[in-house]
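Single-letter residue listing:
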Amino acid sequence: DLEAYEASKAEDREFYRDANSLAHGGAGFQPATEKLEAMVDDVLERAEKRNKFSRRRPELVEADVDYINDRNKHYNKKIERAFGEYTKQIKENLERGTAI
């Protein structure tokens, strides 16, 4: 609220204090309750959005299990992205049992 800021700056002589000022920490200033309530609502809304964003990804039940833990699962996904097209034929041969 720029108008309220300008009004408080005009009425307070020590709005911009220097190092020699005896006023400490803005003593006596109380923000409006509706401004505080709006800030609290905004903070709670942001926390709720943050909690919704960080969610657990569902597991695919029909997917083949080729890992022993979550870290190994992530590693296997990275390897598949990098080398999957090159190892496709080898994997098919292993599954059929015709690998040399």
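Analysis parameters
- Residues numbered from 1 in each chain as written.
- Predicted model: local features only at pLDDT ≥ 70, side-chain atom pairs only at ≥ 80, totals over all residues.
- Heavy atoms only, no water.
- Helix = DSSP H or I, 4+ residues; strand = E, 2+ residues; numbered from the N terminus.
- Buried < 20%, exposed > 50% of the residue type's maximum accessible area, 1.4 Å probe, protein only.
- Areas by Shrake-Rupley, 256 points an atom, 1.4 Å probe, with all protein chains shown as cover.
- 1 Å grid on protein atoms, 1.4 Å probe; cavity = no way out; pocket = protein on both sides within 12 Å on 5 of 7 lines; lining within 4 Å.
- Points joined across faces, edges and corners; volume = space filled by probe spheres on them.
- Nonpolar A, V, L, I, M, F, W, Y, C, P; charged D, E, K, R; others polar.
- Patch = residues over 30% accessible without salt bridge, like charges linked within 9 Å, V, L, I, M, F, W, Y side chains within 5 Å.
- Salt bridge = Lys/Arg side-chain N within 4 Å of Asp/Glu carboxyl O.
- Lys, Arg positive; Asp, Glu negative; His and termini not counted.
- Charge placed at Lys NZ, Arg CZ, Asp CG, Glu CD.
- Expected span 1.5 Å × (residues − 1).
- Bend = angle between axes of the 7 residues up to and from the residue.

Attention now goes to the overall build of the protein chain. When helices and strands are counted, the protein chain shows three helices and zero strands. Across the protein chain, helices and strands are ordered from the amino to the carboxyl terminus as α-α-α. Among the 100 residues that make up the protein chain, the fraction classed as buried is 5%. Accessible surface, the protein chain as shown: approximately 10300 Å² in total, 54% of it carbon and sulfur.

Turning next to the layout of surface pockets. It is a probe the size of a water molecule, rolled over the atoms, that shows where empty space is left. Quantified by volume, the largest pocket comes out at close to 710 Å³. Forming the walls of the largest pocket are 23 residues, and the residues nearest its centre are Asp64, Asp66, Tyr67, Lys73 and Lys77. Grouping the constituent residues of the lining of the largest pocket by class yields eight nonpolar, four polar and 11 charged.

Together, Glu11, Asp12, Glu14 and Asp18 make up a negatively charged patch on the protein surface. Its location among the elements puts Glu11 in helix α1 (residues 2-11).

With that settled, the discussion passes to the pattern of salt bridges. Tallied over the full model, the rule gives five salt bridges. With a closest N to O distance of 3.4 Å, Asp42 and Arg46 form a salt bridge. In this pair, Asp42 and Arg46 are both assigned in helix α2 (residues 33-53), four residues apart and thus about one turn of the helix distant. We classify Asp42 as partly exposed; its relative accessible area is 34%. With a shortest N-O distance of 3.9 Å, Glu45 and Lys49 are connected by a salt bridge. Highlighted residues: Glu45 and Lys49, both in helix α2, separated by four residues, approximately one helical turn.

Residues lying three or four places apart along an α-helix face the same way, a consequence of the helix completing one turn every 3.6 residues. Compared with the 39 Å implied by 1.5 Å per residue over 27 residues, the 28 Å span of helix α3 (residues 70-96) between its first and last C-alpha is markedly short. Of all the bends in α3, the greatest measures close to 85 degrees and is centred on Gly84. For α3, the set of buried residues is Lys73, Asn76, Gly84 and Asn93. Following α3 by one or two positions, Gly97 has its phi on the positive side, about 85 degrees.

The values are spatial; any link to function lies outside them.
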